[in-house]
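Structural characterization, general
Each chain, written out:
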Amino acid sequence: MKNISIKVKITMWYLLLMTIMVVMVLTFILAVSSSVTTQTAMSRISSTVRSNLTQVSSSNGKISLGEDFHFYQNGVYTLIYSKNEALLAGQVPVNFTQNEPFENGLTRTVSTEDDNYYVFDLWLPFDWENGVWVRGLMEVPEDELIIKNLILVVAVAMPAFILFATIGGYWIAKKAFKPLEDIISTADSINEASDLSARIDVPSGSNEFTRLAKTFDQMFTRLEQSFEAEKQFTSDASHELRTPISVIKGACEYALKYDETPEERQETLSMIHRQAVKMSGLVAQLLSMTRLEQGTEKANFEKINLTELTKAICTEQAYADRNVYFEAKNEISAFVDTTLITRLIQNLIDNAVKYGKTDGHVWVTLTENEHEIQLSVKDDGIGIPKEEQGKIWQRFYQVDASRTGDNGTGLGLSMVQKIAEIHGGYMSLESEPLKGSNFVLHLPKNNY
Ligand code: ADP
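Note that this is a predicted model, so its numbers are computed, not measured. (Residues numbered from 1 in each chain as written. Predicted model: local features only at pLDDT ≥ 70, side-chain atom pairs only at ≥ 80, totals over all residues. Heavy atoms only, no water.)

This part takes up the packing of aromatic side chains. Considering all chains together, one arrives at eleven aromatic pairs under this definition. Here a set of aromatic residues connected by ring pairs shows up, and it is made of Tyr81, Phe102, Trp123 and Trp133. Over the ring of Tyr81 we find Arg135, and its NZ or CZ is 5.7 Å from the ring centre. Positioned above the aromatic ring of Trp363, the side-chain terminus of Lys378 is 5.3 Å from the ring centre. (Phe/Tyr/Trp six-rings, centres within 6.5 Å; stacked < 30°, edge-to-face > 60°. Lys NZ or Arg CZ within 6 Å of the ring centre and 35° of its normal.)

Put into structure tokens, the structure is as follows:
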């Protein structure tokens with residue numbers, strides 16, 4: 001039973017119900033029809049006998065019958081008996097052998113060996129002492145014939161009806177379960193071909209299956225994103241870690257092979273240390289980037305005083321000996337993830353300092369208008385050529401890698417852009433080589 005599909009189970013269930021219903025209805029019809037037949041037969045015998053009775057008369061002890069007297073009419077035999085129950089007129093049916101006593105005005109059923117009869121007697125008095133019995137006899141109509149016909153109809157109609165209902169029901173169930181079949185086959189194809197881009201052709205409407213199909217599609221999208229992010233992480237990590245690892249490997253091999261002077265050894269060790277620091281920074285940044293993309297690092301939005309937060313970052317120890325200026329005309333609050341926004345602001349200020357000129361300046365300004373909050377980080381550094389401005393947001397892209405040396409990974413701005421997106425905002429940039437750059441975060445005010 002467990003292995004039977006739901007479609008078949010449903011079909012079987014309503015077939016059983018229908019069969020029970022049909023049997024019940026048939027039983028009812030039979031019962032009613034049998035009672036109707038009995039009623040009709042009884043009223044027929046009594047009315048025939050009563051009508052014949054009016055045709056019987058007696059004169060001078062002789063009985064005479066009128067023209068409209070019928071010994072056999074409507075299946076009813078009419079017999080006339082004397083007071084002491086001797087047959088005077090009429091013919092008793094051959095197989096009615098019973099010696100049935102007379103009862104005035106009562107219809108009853110009398111069973112003989114072969115048949116059943118309705119018997120109805122009426123006493124017709126001629127005077128105080130004399131009279132005759134008029135008896136009606138009628139074979140009980142064969143219910144069997146009706147039943148036989150009904151059984152025949154049912155025997156032919158039932159299988160056809162059941163077949164029709166089964167096919168129709170199964171077809172409807174199959175149609176209703178189609179989205180489920182689609183879900184199964186899509187899940188199967190993903191499983192077999194590892195093709196995470198497959199989606200269910202979600203049917204229109206909003207029944208349970210449609211919702212299930214939509215949920216599955218969302219799940220497939222999440223799975224695909226996670227899978228892609230993981231693939232990207234693996235390929236980025238192996239690509240980016242290759243250089244520092246080979247530098248460390250080369251330095252170690254050289255140190256092992258040749259007798260280095262203490263100064264050389266010191267230099268080798270500090271190079272290995274620099275590369276290790278770079279690798280750990282890279283791995284940390286890559287991990288948080290992957291988590292952001294996968295959605296595993298969930299943004300935790302809260303209403304904060306953005307002016308205070310930005311001011312605190314600008315006055316951090318790290319920028320103490322830099323000319324980082326903060327300006328905001330009023331207290332601006334925003335609905336943001338504090339950790340992510342802090343990371344974004346720090347990245348922008350770090351870059352402004354890193355790519356600024358010696359003794360350069362960084363201006364951090366917070367403003368707002370009707371629609372958005374703008375956070376600008378402006379420097380008077382090296383600037384970015386026009387043709388590079390679109391590319392710097394890509395992962396690992398660096399305009400001039402030699403400029404940052406071991407200090408940059410090329411991941412900062414792609415993370416900044418991702419964080420802006422998570423907040424429903426975007427980044428804009430104005431920059432001119434040798435004059436400086438202005439990175440602006442635009443945060444919509446309707447994101448909460
Ligand atoms: P990283 O700073 O680690 O190299 P980023 O993604 O933060 O990586 O920046 C990508 C590139 O964009 C940098 O390598 C640099 O060439 C350029 N860039 C970023 N910020 C500035 C800036 N304020 N001034 C000039 N160039 C910048």
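Take helix H1 (residues 6–53) next. For H1, spanning 48 residues, the distance from its first C-alpha to its last is 70 Å, which sits close to the expected 70 Å at 1.5 Å a residue. By the burial criterion, the buried members of H1 are Lys7, Thr11, Leu15, Thr37, Ala41, Ile45, Ser46, Thr48, Val49, Asn52 and Leu53. (Helix = DSSP H or I, 4+ residues; strand = E, 2+ residues; numbered from the N terminus. Expected span 1.5 Å × (residues − 1). Buried < 20%, exposed > 50% of the residue type's maximum accessible area, 1.4 Å probe, protein only.)

A separate point is the domain arrangement of the chain. The parts lose accessible area when they come together, and the size of an interface is often stated as this lost area. For the chain, the domain assignment lists domain 1 (6–145), domain 2 (208–293) and domain 3 (299–447). A C-alpha centroid distance of 109 Å is found between domain 1 and domain 3. (Domains from an automatic or database assignment.)

Our focus in this paragraph is helix H6 (residues 306–314). What H6 keeps buried is the set Leu306, Thr307, Leu309, Thr310, Ile313 and Cys314. Down the axis of H6, the buried side of the element spans an arc of 165°, and every buried residue falls inside it. At the N-terminal boundary of H6, the capping side chain belongs to Asn305, with an oxygen 3.1 Å from the backbone nitrogen of Thr307. (Arc of directions from axis to C-beta. Polar contact = N/O pair within 3.5 Å; in protein donor to acceptor, adjacent residues only side chain to side chain.)

Asn351, Tyr355, Gln398, Thr409 and Leu413 are the nearest of the 20 residues found near the ligand. Contact between the ligand and Tyr355: an oxygen atom at 2.7 Å from a side-chain N or O atom of the residue. Gln398 is positioned such that a nitrogen or oxygen atom in its side chain is 2.7 Å from an oxygen atom of the ligand. When isolated, the ligand has an accessible area of 520 Å², and the protein chains bury 97% of it. When contributions to the shell around the ligand are tallied by element, the ones reaching two or more residues are helix H7 (338–354), helix H9 (412–422) and strand S15 (436–444). Sorting elements by how many residues they give to the shell around the ligand places H7 first, with three residues. (Near = heavy atom within 4 Å. Areas by Shrake-Rupley, 256 points an atom, 1.4 Å probe, with all protein chains shown as cover.)

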